[in-house]
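Structural overview for review
Here is how the chains run, residue by residue.
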Amino acid sequence: MKILLTSDWFAPSVNGVVVSIMNLYNELKNAGHEVRILTLSDSDKSYIDGDFYFVRSFAVKVYPNVRGTLIITNKVIDALVDWKPDIIHSQCEFFTYSFAYRIARKTGAPLVHTYHTLYEYYTKYVIPNEKLGQMMVGSAMRIRLKNAAAIIAPTLKVKNNLIEHDLNEKIVVIPTGIHLEKYYERIPDERKTEIREKYQIPEDHKILICLGRVAEEKNIQELIQNFKLLIQVYPKVTFLIVGDGPYREDLIRLVEDKGLSDQILFTGMINPAEVRDYYQTADIFISASVSETQGLTYVEAMANGLPEVCRKDEAIDGVVLPGTNGYLFKNSAEFVEYTKRLLVNEDLHRQFSEAAIETSKSFSTYNFGQRVIALYEEVLKNHRPDSNLDRLFDMVQTIKIKGTKILKP
């Protein structure tokens, strides 16, 4: 197959969408398919670099690293029309979705879309009124995605959200795959010591970690509140916040106001090659986010052997398994109880760590790629150019792929 992937987000930006796209790109190439990626450049120049097609763009000041374009026609887009993809798979709903739809109309290729982001958690950056923002998101997505032959939701949480937007007839749940092999390799103790010394973490302290974009919707402020309660019953612990983002300075002030600067540490952005080292230096992964569509860091942390204590949320159903590889908390008291339980009981921690590694194996990139390919084949089998496939199938949910373990959504 000739497959075109489109996205507003791309490297050098680092987020779950970019990781998902590159993992899918590699798996499709490994399976022998021709793949191109259409995205926005980080400048006012359009250009082609191998399989990657960049349309000139400008910065959009609503959120860090967001790019936009007002281009309607472009030589890069024309080149992809001439290439004549068999199927187009869009990954963002805004600028490049318009390109994907235009190319689909000109070539007769069906359009598949992955819904990565629950925009209800982000409208506050543009629309202060929360209810108005949610209503506008629902209406916009219903209109925007009506021509998609199928919509991929990475979790049941996303599927249910789309059903609320009356898009329930086309949704297939396919968890995003992650390249995990590098995380299964254990780092030497000397490297852990280096990280501890860099941040002056006492030798007798256990380490809690959250890793990713430091934004308000990640709800790290709740973790800080909970941590203050935790150290009242288990004082020898440090909380490491790894990453950067628009809410970092606000959180630093919150930590200072609570007198926790010695035990809550901010690393800022780290080299992606060092992510494994930070995970494996820690003892427990914690999160209070309820804005995730899937949360790739949850799976990464598990691959590194970390038990997890996370706020209960539909997005991580089937990922964090309470009493097996971690705990799900609903309030501060539960957070303190569950975290302390894993900090004081080494045998329990070891059992959860082993279970976490085993759980992570279900989210391989190969598994992900095979399910998406199966969806493409089914879409193409049912596709009639210039017709709306308003009703699709409920098929990939039950596809059995030989030699792989498929997670039920």
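Residues numbered from 1 in each chain as written. Predicted model: local features only at pLDDT ≥ 70, side-chain atom pairs only at ≥ 80, totals over all residues. Heavy atoms only, no water.

**Details of the overall build of the protein chain**
Secondary structure summary: the protein chain contains 14 helices and 16 strands in total. Per-residue burial for the protein chain yields a buried fraction of 57% across its 409 residues. Taking the intrachain contacts of the protein chain between residues at least 6 apart in sequence as the baseline, contacts between residues at least 24 apart amount to 67%. (Helix = DSSP H or I, 4+ residues; strand = E, 2+ residues; numbered from the N terminus. Buried < 20%, exposed > 50% of the residue type's maximum accessible area, 1.4 Å probe, protein only. Contact = heavy atoms within 4.5 Å.)

**A word on the confidence of the model for the protein chain**
Scored by pLDDT, the protein chain has a mean of 87; 86% of the residues are at 70 or more. Counting contacts from residues 121–127, a segment whose pLDDT is below 50, to residues more than four positions away or on other chains yields 21 contacts. When the criterion is pLDDT under 50, residues 387–409 qualifies, and its contacts beyond four places in sequence or with other chains add up to 50 contacts. (pLDDT = per-residue confidence, 0-100.)

**So, the nonpolar core**
Leu208, Ile224, Leu230, Phe239 and Ile264 are the most contacted members of the largest nonpolar core, which has 34 residues in total. If we ignore the near neighbours within four places in the chain, the residues touching Leu230 are Leu208, Val237, Phe335, Val336, Thr339, Lys340 and Leu343. Core analysis: the second largest hydrophobic core is formed by 32 residues, Ile178, Leu240, Val242 and Tyr279 among them. (Core = buried A, V, L, I, M, F, W, Y, C linked by side-chain atoms within 4.5 Å.)

**Quick word on the pairing of strand 7 (residues 87–90)**
On strand 7, burial covers both faces: Ile87 and His89 on one face and Ile88 and Ser90 on the other are all buried. Where strand 1 (residues 2–7) lies against strand 7, four bridges are found, and the strand directions are parallel. Looking at the pairing, Leu5 lines up with His89 of strand 7. As paired strands, strand 7 and strand 8 (residues 111–114) are joined by three bridges and run parallel to one another. Its bridge partner being in strand 8, His89 is matched across the sheet by Val112. (Pairing = 2+ DSSP bridges.)

**Describing the sheet that holds strand 11 (residues 206–211)**
The parallel open sheet is built from six strands, whose spatial order is 13-12-11-14-15-16. Looking at strand neighbours, the two that pair on one side only are strand 13 (264–268) and strand 16 (326–329), the edges of this open sheet. Across the sheet, the mean angle from the axis of one strand to that of its neighbour is 25°, orientation sign disregarded. For strand 11 and strand 12 (residues 237–242), the ladder comprises six bridges, and the chain directions are parallel. Across the sheet, residue Ile207 finds its bridge partner in strand 12, namely Thr238. (Axes fitted to C-alpha atoms, helices over the stretch in contact; angles between N-to-C directions.)

**Let's talk about the sheet that holds strand 2 (residues 34–40)**
Strand order in this open sheet of eight strands is 3-4-2-1-7-8-9-10, and the pairing throughout is mixed. A strand with exactly one partner marks an edge of an open sheet, and here the two such strands are strand 3 (47–49) and strand 10 (171–173). Going across the sheet, the axis of each strand differs from the next one's by a mean of 20°, ignoring polarity. Sheet topology places strand 2 next to strand 4 (residues 52–55); four bridges connect them, and they run parallel.

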